[in-house]
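# Examining the three-dimensional arrangement
Spelled out from the first residue to the last, the chains are:
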Amino acid sequence: MSETTMLVNGIPIESEFAEAFDMKATRVIITGHDRQWALDGATAMTGFGTSVIACGIETAIERELSPDETPDGRPGFAILAFAVSGAEMEKQIPRRAGQCVLTCPTSAIYAGILGDKSLHPKRIPLGKMIRYFGDGHQISKVTPAAGYAKGRRFWRVPVMDGEFVCEHDVGRVDGIGGGNFLLLGDSVEGVSIACRAAVAAMSGLPDVITPFPGGAARSGSKVGSKYPALFASTNDAFCPTLRTATDSLLRDGETAALEIVIDGLSFDAIANSMKVGITAACEAAADKGLLRVTAGNYGGKLGKHHFHLAKVMQ
């Protein structure tokens with residue numbers, strides 16, 4: 001059993017580490033005539049994007065952008081997406097952009113990984129594929145050799161409310177998936193309060209997302225399964241109904257656990273978000289039933305990136 005290394009607002013933080021793995025990542029920016037249309041497009045594109053176990057990619061809104069921060073001076077949202085392979089990313093991103101952003105009234109989509117192709121030679125198609133919806137009426141334009149995305153190609157596709165503007169492609173970079181921490185308490189209400197406080201504090205931090213519903217997963221997973229066809233299955237060690245049927249890691253009084261999973265563009269971004277989230281959870285729920293914070297590791301079977309809570313919380 002892991003030892004407690006520190007207390008945050010009276011809540012024990014265990015001497016444990018979260019084990020994360022390499023992923024491929026990208027960022028796109030979706031804008032609209034107003035905030036609501038931009039949000040509608042971003043929400044649609046990130047739907048069914050919780051876990052690579054079945055969704056293909058893990059994706060969520062990174063943060064809201066002001067008109068001063070977007071390429072076309074309109075309200076917008078930055079989206080981060082993560083996949084286990086470049087091939088899967090190249091399939092998922094244009095498919096989602098075409099079905100969810102092209103169809104959204106007044107929307108446009110731009111690359112959010114800045115820099116020319118010499119910096120990010122691995123490319124993911126956007127307008128390169130979506131342009132064909134224009135049925136020959138689409139036109140393209142290459143930006144001047146200065147300013148935002150110098151020398152980049154944009155496509156203008158005719159639609160019923162005007163034109164859909166779509167960048168030709170977007171850069172692909174390395175990312176990390178699976179940073180995490182677990183909140184354990186004496187009730188669903190207590191861990192929910194802690195979870196929501198953590199996710200709210202982490203929301204808008206740069207270079208990270210929490211892709212699961214509400215930022216949390218109750219179906220925490222472990223590597224492997226008794227069924228050969230599955231490479232992941234329920235993390236029975238933290239399931240209260242299995243306390244007497246398995247090697248439980250739950251302690252007396254702990255009846256509920258939620259896991260917050262973080263994907264990020266760098267180790268430091270994930271580590272910072274974990275510190276922010278854990279601190280907020282402990283401040284919000286110390287007297288509401290939160291009993292302990294720990295993390296999920298898999299004995300080195302999952303990935304090379306290890307986020308030790310003792311170091312993260314320093």
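The model shown is predicted, which means the values in this text are computed figures rather than measured ones. (Residues numbered from 1 in each chain as written. Predicted model: local features only at pLDDT ≥ 70, side-chain atom pairs only at ≥ 80, totals over all residues. Heavy atoms only, no water.)

Now for the environment of Leu 126. Structurally, Leu 126 can be placed in the loop between strand E7 (123–125) and helix H3 (127–130). C-alpha separation for the pair Leu 126 and Val 28, spaced 98 residues apart in sequence, amounts to 9.7 Å. Discounting chain neighbours no more than four positions away, the residues touching Leu 126 are Val 28, Ile 93, Ala 97, Ile 109, Cys 166, Glu 167, His 168, Asp 169 and Val 170. (Helix = DSSP H or I, 4+ residues; strand = E, 2+ residues; numbered from the N terminus. Contact = heavy atoms within 4.5 Å.)

Closest axis-to-axis distance for the helix H4 (residues 188–202)/helix H5 (residues 267–285) pair is 7 Å, and the angle between their directions is 140°. Classed by the angle they form, the pair H4 and H5 counts as oblique. Where H4 crosses over H5, the two elements pack in a sense that is right-handed. Residue-level contacts link Gly 190, Ile 193, Ala 194, Ala 197, Ala 198, Ala 201 and Met 202 of H4 to Ser 273, Val 276, Gly 277, Ala 280, Ala 281, Ala 284 and Ala 285 of H5. Classifying every residue of the contact of H4 with H5 by side-chain character gives 11 nonpolar, 3 polar and no charged. (Axes fitted to C-alpha atoms, helices over the stretch in contact; angles between N-to-C directions. Parallel < 35°, antiparallel > 145°, perpendicular 65-115°, else oblique. Left-handed = near helix turned anticlockwise from the far one by under 90°. Nonpolar A, V, L, I, M, F, W, Y, C, P; charged D, E, K, R; others polar.)

Turning our eyes to something else, we now look at the nonpolar core. In this structure, Phe 181, Leu 183, Ile 260, Met 274 and Phe 307 are the most contacted members of the largest nonpolar core, which totals 36 residues. Put simply, the parts of the chain that give this core at least two residues each are strand E2 (11–14), strand E3 (17–31), strand E12 (173–185), H4, strand E16 (256–264), H5, strand E17 (290–294) and helix H6 (309–312). It is H5 that contributes the most residues to this core, 8 residues altogether. Filtering out sequence-adjacent residues up to four positions away, Phe 181 remains in contact with Ala 198, Met 202, Leu 258, Glu 259, Ile 260, Ile 262, Met 274, Gly 277, Ile 278, Val 293, Thr 294 and Ala 295. Among the nonpolar cores identified, the runner-up in size contains 35 residues, and Ile 30, Met 45, Phe 77 and Ala 81 belong to it. (Core = buried A, V, L, I, M, F, W, Y, C linked by side-chain atoms within 4.5 Å. Buried < 20%, exposed > 50% of the residue type's maximum accessible area, 1.4 Å probe, protein only.)

Looking now at the packing of aromatic side chains. Tallied over the entire structure, the rule returns 2 aromatic pairs. Both rings, one in Phe 267 and one in Phe 307, keep their centres 4.1 Å apart while their planes meet at 10°; by these two values the pair is stacked. With a gap of 40 residues between them, Phe 267 in helix H5 and Phe 307 in strand E18 (residues 305–308) connect regions that are remote in the sequence. Look at Phe 267 and you get partly exposed, because its relative accessible area is 34%. (Phe/Tyr/Trp six-rings, centres within 6.5 Å; stacked < 30°, edge-to-face > 60°.)

Approximately 520 Å³ is the volume attributed to the largest pocket. Secondary structure elements with two or more residues in the lining of the largest pocket: E3, E12, strand E14 (221–223) and E16. (1 Å grid on protein atoms, 1.4 Å probe; cavity = no way out; pocket = protein on both sides within 12 Å on 5 of 7 lines; lining within 4 Å. Points joined across faces, edges and corners; volume = space filled by probe spheres on them.)

Right, let's talk about the pairing of E18 for a bit. The two faces of E18 differ: His 305 and Phe 307 on one face are buried, but His 306 and His 308 on the other face are not. Bridge count between E3 and E18: 4 bridges; the pairing is antiparallel. Residue Ala 18 lies in a different strand from E18, and its bridge partner there is Phe 307. (Pairing = 2+ DSSP bridges.)

Bringing the pattern of salt bridges into the picture now. Overall, the coordinates contain 18 salt bridges when judged by the stated rule. For Glu 163, the salt bridge identified is with Arg 156, shortest N-O distance 2.9 Å. Since its relative accessible area comes to 41%, Glu 163 is described here as partly exposed. Look at Arg 156 and you get partly exposed, because its relative accessible area is 33%. Through salt bridges with shared partners, a single network forms among Glu 14, Arg 251, Glu 254 and Arg 292. (Salt bridge = Lys/Arg side-chain N within 4 Å of Asp/Glu carboxyl O.)

Looking now at helix H1 (residues 35–45). Of all the residues in H1, the buried ones are Ala 38, Gly 41, Ala 42 and Met 45. Buried residues in H1, looked at end-on, bunch into an arc of 95°, giving them a common side. (Arc of directions from axis to C-beta.)

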